[in-house]
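Chain by chain, the residues run as shown.
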Amino acid sequence: MAINIIQGAALVCLGWSCTVFLLQLVGITKLYRNHTTPLPPPASPSLPENEVPHVTVIRPVKGVEVGLYECLASTFRLAYPKSKLSIRLCVDSKSDPAYPILCQLVADFPAFDAQVLVEEEDPILHGSAGHVNNLGPNPKIRNISRAYREAKGDVIWIVDCNVWVAKNAAGRMIDKLFGFLPNGNRATPYKFVHQLPLVIDLDNNNPSSSGTASTINPIGKPSSTEAQSLLPSTTSPTPKVQNEGLLSHGGRLEEMFMSTTHAKFYGAINTVGLAPCIVGKSNMFRKSHLDSFTTVSSNPLLRSSDSTRGTGIDFFSSYICEDHLIGDLIWRSSAPGYKNHGLVFGEVAVQPMAGMSVAAYIARRVRWLRVRKWTVLAATLVEPGVESLVCCAYFAFAVTTLPWFNKTFGVPQTWQAMAGLWLGAVTIWGSIDRWLTSKLFRLQSLDVDEDTPFFAKGTARQGGTVQRPFKEWIAAWLGRELLALPIWTTAVLLGTTVKWRGRQFRVKMDMSVVEVEDRKSRAADVGKPRPRMAGSPDSKDRVD
């Protein structure tokens, strides 16, 4: 009986590990095919002007992020008709240190329809006709609600303030969303499209060109390395790029995670298309779709009580994991003639990062997992099994336990054999990751020009970033892998609170949130239920 149980467990481990290996193969193949060569030009920007969809770009801002000016300025440098772009830079108050930078951006690009929208001036939340409780406590939704409500045209593109997008990003995302192809051909349009995020840690990653190289000053404008240092946070005005000490390299761990485990499974799950898998860095959809999908009379997935939650993005203001919930609702709501989600392969959303400690990285990952815990419970519970150390242990246990491998290949059924097989599998896994990251960080699929900051030029171009030496790379890879299980344990089993945008929340089982620390101008508790939607599939999405 005991032998049967052990062999049954070994069969499960074999099936799981082989599934993970197959998914990785799908993701790696897709990434390699689409991210290692230049992409063809998009079709939509060259259409007759009356056929080019109008896009409202919404960029929520909180504090001064690394390279903030350059990341936001990339929106103004898009190769997309200016008359078809409306840019809304959203901040919660004029006292935010980023506010002067936003005003400077609007002044620097006067030819654009661009506005700075301040949450404290939103008539829905403030003034004689408003009230702070008209929206839930989600700070990102409160930040961008007005921009969404007043959007021009039907297309909404929400891009976080800390990511840089290439000049053809808008065109390629519109092509995917509407199905535009070269020579006037059309493909099936999508309801929702998004980009693969990639983190570039700038600590000790100077441009590879000699002489005076481009870097980022405190507001993100280009400068010289002799003149300026990099600003990693709003609390430290002029720290140096080089960090010292092992515990100061959290950004390297974040860079590793986003370019290995996250990139592989993000690419694979979006290729297979069995469940929604998105991250809230750069997402595009139609306002008319979301408004309809959040209207009780138009969507049978909703309950009658959901009519009190508003429509559009306001519908999600009581939930901390708004990116997943928006994508999930769009995925499962009916829209005949449209595909669900489409990842724009090759068009990376680049996030520069600096000054992150290992403790900050751990806190960030814990927050991600705690937010996801109740949104995609099954995926969260099995997540340790997709990491290299655990997955390879499953595989080694199965191969050294099942009699077929012993009889067919002579695999010894010993602990030594299991340890050797595990070590070999982990080595192969790490070698593939090294190869994949070297390809992704070349950024060869991105369009660059004289306005492209060094962190978005990649390792293959002059003046770009530097490829990590193997010793640095393997240290970050091992650190990331060894921390994965302790982080998961802390996040999933040992707490429910998250800190986001300077505020602390407790995530409830229905995915609504309670603000732990009261603020005079905000409502703390949220009692609105989540919409009950039939057949909710699990996903491997991540939120930020």
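Being a predicted model, the structure only gives us computed values, none of them experimental.

**Quick word on the packing of aromatic side chains**
Evaluation of the coordinates by the stated rule reveals 16 aromatic pairs. With a centroid separation of 6.1 Å and an interplanar angle of 5°, the aromatic rings of Phe-192 and Phe-285 are classed as stacked. Here Phe-285 lies in strand β8 (residues 282–286) and Phe-192 lies in strand β5 (residues 190–201), a separation of 93 residues in the sequence. Pair check on accessibility: Phe-192 and Phe-285 agree, each one buried. Here the aromatic cluster, defined as three or more aromatic residues joined through ring pairs, consists of Phe-21, Phe-395 and Trp-429. We note Arg-309 situated over the ring of Phe-315; from NZ or CZ to the ring centre the distance is 3.8 Å.

**Observations concerning the pairing of strand β4 (residues 155–159)**
Successive side chains on a regular strand alternate, one facing one side of the sheet and the next facing the other. Most of β4 sits out of view: five of its five residues are buried. Residue alternation in β4 divides its side chains into two sets, Val-155, Trp-157 and Val-159 and Ile-156 and Ile-158, and both sets are buried. Two strands pair when backbone bridges link them, and strand β1 (residues 55–60) and β4 are joined in this way by four bridges, in the parallel orientation. If you follow Val-55 over to β4, its bridge partner there is Val-155. Examined bridge by bridge, β4 and β8 share five bridges and lie antiparallel to one another. Directly across from Val-159, in β8, lies its bridge partner Ser-282.

**Details of the side chain of Asp-201**
In this fold, Asp-201 is placed in strand β5. A relative accessible area of 1% places Asp-201 in the buried class. Engagement of the side chain of Asp-201 in a polar contact is seen with the side chain of Arg-252, the distance being 3.1 Å. Apart from the residues lying within four places of it in its own chain, the contact partners of Asp-201 are Gly-251, Arg-252, Glu-255, Met-353, Ala-354 and Arg-468.

**Topic: the UniProt feature "transmembrane region" (unreviewed entry) in the protein**
Under the UniProt annotation, "transmembrane region" (unreviewed entry) lies at residues 6–26, 374–397 and 417–436. Split by type, residues 6–26 is 100% helix and 0% strand. Its first and last C-alpha atoms lie 30 Å apart. The straight-line gap between the two end C-alpha atoms of residues 374–397 is 31 Å; of that span, 62% is helix and 0% is strand.

**Topic: helix α12 (residues 388–399)**
Spanning 12 residues, α12 covers 16 Å between terminal C-alpha atoms, matching the ideal 16 Å at 1.5 Å per step. Burial in α12 covers these residues: Ser-388, Cys-391, Cys-392, Ala-396, Ala-398 and Val-399. Down the axis of α12, the smallest arc covering the buried residues is 165°, so these residues share one side. Contacts made by the buried residues of α12 are with α1 (2–35), α13 (403–409), α14 (415–440) and α15 (470–493).

**Description of α1**
The first and last C-alpha atoms of α1 sit 49 Å apart over 34 residues, in line with the 50 Å expected at 1.5 Å per residue. Among the residues making up α1, those that are buried are Ala-10, Cys-13, Leu-14, Ser-17, Val-20, Gln-24, Gly-27, Ile-28, Leu-31 and His-35. Contacts made by the buried residues of α1 are with β5, α7 (261–272), β9 (339–353), α12, α13 and α14.

**Looking at the nonpolar core**
In this structure, Ile-58, Trp-164, Phe-285, Leu-290 and Phe-455 are the most contacted members of the largest nonpolar core, which totals 54 residues. Apart from the residues lying within four places of it in its own chain, the contact partners of Phe-285 are Tyr-148, Asp-154, Val-155, Ile-156, Ile-158, Leu-177, Lys-191, Phe-192, Leu-290, Ile-326 and Ile-330. Counting residues in each nonpolar core, the second largest holds 43 residues, with Ala-170, Tyr-190, Val-193 and Ala-349 among its members.

Thresholds, definitions, all that
- Residues numbered from 1 in each chain as written.
- Predicted model: local features only at pLDDT ≥ 70, side-chain atom pairs only at ≥ 80, totals over all residues.
- Heavy atoms only, no water.
- Phe/Tyr/Trp six-rings, centres within 6.5 Å; stacked < 30°, edge-to-face > 60°.
- Helix = DSSP H or I, 4+ residues; strand = E, 2+ residues; numbered from the N terminus.
- Buried < 20%, exposed > 50% of the residue type's maximum accessible area, 1.4 Å probe, protein only.
- Lys NZ or Arg CZ within 6 Å of the ring centre and 35° of its normal.
- Pairing = 2+ DSSP bridges.
- Polar contact = N/O pair within 3.5 Å; in protein donor to acceptor, adjacent residues only side chain to side chain.
- Contact = heavy atoms within 4.5 Å.
- UniProt positions renumbered as here; feature names shortened; annotations may be inferred.
- Expected span 1.5 Å × (residues − 1).
- Arc of directions from axis to C-beta.
- Core = buried A, V, L, I, M, F, W, Y, C linked by side-chain atoms within 4.5 Å.

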